[in-house]
Amino acid sequence: ICFLPTFALGGSLDRSLANYKAPVTLYLQDDLRNPFHLIVDDEAVNGCWTNSSEVRKALWEPLSDLGIEIARATYNYLHLQVEGSRINGSCFGTVTVQILVDAKPLTASFSTFKPPALLAVVARKTKLVLDPTNLNSKTMDVVQKFMSEFRDFMELK
């Protein structure tokens, strides 16, 4: 699997999904209504992240509210990665949440070789986080903001 961080479909990765305009909006909205595979990577150590089940629910509920299902075999991915460790007793780390889709390289149509499996980044939010106790509330804040933007984007007419 290869990540293509420069593929943004109409805007920078920092922007809210709601900033995308038609026809990209319509194309993305249709494709993003297909099932998602939800991936949660807990790379935090020393008790820096302990609420992964609540955060997983915060990722899943907006999808469910939009009528989008969770599935293992799909080409849409909602990926959360939390990395963190303790430094001088406080937890320090990063929270990254992103929407990925299967992609084919542009050269695939001109080649007789099977194209590699690639994932393109549709939207990504990464935030550095620091908390004296753990990264639970900071992670939830990042996820809720990202999913709120996703919901707003999917409800655009």
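It should be emphasised that the depicted structure is a prediction, and the values quoted were computed from it without experimental measurement.

Caption draft 1: Up close: the state of the cysteines. Scanning the model with the defined rule gives one disulfide in all. One disulfide in the model links C48 with C91; its S-S distance is 2.2 Å. Between C48 and C91, the S-S dihedral sits near -90°, and the bridge is therefore left-handed. Here C91 lies in strand 4 (residues 90-103) and C48 lies in the loop between strand 2 (36-44) and helix 2 (52-65), a separation of 43 residues in the sequence. Per residue, the accessibility class of C48 equals that of C91, and both read buried.

Caption draft 2: Inspection of the nonpolar core at higher detail. By size, the foremost hydrophobic cluster in this structure holds 35 residues, and its most contacted members are L32, L59, L78, L80 and F150. Elements with a minimum of two residues in this core: strand 2, helix 2, strand 3 (76-87), strand 4, strand 5 (118-131) and helix 3 (136-154). For this core, the element with the highest residue contribution is helix 3, accounting for eight residues. When sequence neighbours within four positions are dropped, the list of residues in contact with L59 reads L38, V40, L78, L80, V97, V143 and M147.

Cut-off values and rules
- Residues numbered from 1 in each chain as written.
- Predicted model: local features only at pLDDT ≥ 70, side-chain atom pairs only at ≥ 80, totals over all residues.
- Heavy atoms only, no water.
- Disulfide = S-S within 2.5 Å.
- Helix = DSSP H or I, 4+ residues; strand = E, 2+ residues; numbered from the N terminus.
- Buried < 20%, exposed > 50% of the residue type's maximum accessible area, 1.4 Å probe, protein only.
- Core = buried A, V, L, I, M, F, W, Y, C linked by side-chain atoms within 4.5 Å.
- Contact = heavy atoms within 4.5 Å.

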